[in-house]
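# A closer look at the structure
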Amino acid sequence: MRGNVAVAGHNAQVTATATVLVVDDDPDVLASLERGLRLSGFTVLTASDGALALQVVADAAPDAVVLDMNMPVLDGTGVVTALRKEGNEVPICVLSARSSVDDRIAGLESGADDYLVKPFELEEMSARIRAAVRRGASQASNLLAHAGIALDLETRQASLHGQPVALTAREYHVLLALLQRRNGIVTRAQIEESLYGWGEEVESNAIEVYIHNLRKKFGSDSIVTVRGLGYRLKEHA
């Protein structure tokens, strides 16, 4: 593979299969990485440029991304920046021939989780991907995200495209109810239950007030009213 990756022995026994998106505009590198990671036990998706990578992430939601920094159309930094702006925290390992400390710092400060310098051993990459997937799974258990909106259940911090958004206690519970059912409709009764519990009296326009406040903070189209049924989050960022 043009000396970029040294393929030593492969460890095909991986306890849990993770899906990895590999992004590189060099077809030889892409094919070699795909083969090597498959032999290491991963399910592998590929993209030949940054723009296509963003589409694959949106459609397939991989567990990790391996991303070359130098690509046409949209380079690696652009891909990382776009994903983080959307609130997507998928683990990203960037690949680069540049080995200086400044280059490594720039790659990590763009939002990447790891930085590998070419040439590298495939076994090292596989180990780093597995570690990143484990960290991502742990963080995801405390994070609900959809269409650029994210809610950290541990800190109760909300964000929009990575920027913090202050919420009142009641707004937090309404947003939590919407994110917990982010692919469906949340009824008024479900929101009332999340706010007050069953049997308590609810002011007639309280739900509408909280929804209005959330729309002001996350965008007027962020929450869709489904007449006669309830509310749902918009489909895309």
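Below: a short report on this structure.

What counts as what
Residues numbered from 1 in each chain as written. Predicted model: local features only at pLDDT ≥ 70, side-chain atom pairs only at ≥ 80, totals over all residues. Heavy atoms only, no water. Salt bridge = Lys/Arg side-chain N within 4 Å of Asp/Glu carboxyl O. Helix = DSSP H or I, 4+ residues; strand = E, 2+ residues; numbered from the N terminus. Buried < 20%, exposed > 50% of the residue type's maximum accessible area, 1.4 Å probe, protein only. Pairing = 2+ DSSP bridges. Axes fitted to C-alpha atoms, helices over the stretch in contact; angles between N-to-C directions. Contact = heavy atoms within 4.5 Å.

### Quick look at the pattern of salt bridges
Scanning all chains against the criterion turns up ten salt bridges. One salt bridge in this structure joins Asp24 and Lys118, with 3.8 Å as the shortest N-O distance. Taken together, the positions of Asp24 in the loop between strand 2 (19-23) and helix 1 (27-39) and Lys118 in the loop between strand 6 (114-117) and strand 7 (120-121) put the pair 94 residues apart, joining distant regions of the chain. With respect to burial, Asp24 and Lys118 carry one shared label: buried. In this structure, Arg84 and Asp113 form a salt bridge, with 2.9 Å as the shortest nitrogen-oxygen distance. Of the two residues, Arg84 sits in helix 3 (residues 76-85) while Asp113 sits in the loop between helix 4 (101-109) and strand 6, which places them 29 residues apart along the sequence. Among the ionic contacts, a cluster of salt bridges with common partners joins Asp24, Asp68 and Lys118.

### As for the sheet that holds strand 10 (residues 158-160)
In spatial order, the strands read 8-9-10-11; together these four strands make up an open sheet with antiparallel pairing. The outermost strands of the open sheet, each flanked by one partner alone, are strand 8 (143-146) and strand 11 (163-165). Adjacent strand axes in the sheet meet at a mean angle of 25 degrees, parallel and antiparallel pairs treated alike. Strand direction decides the pairing type here: strand 8 and strand 9 (residues 149-152), joined by four bridges, are antiparallel. Bridged to Leu143 within strand 9 is Asp152. Each of strand 9, strand 10 and strand 11 touches helix 8 (residues 206-218); the most contacted strand, strand 10, lies at about 50 degrees to it.

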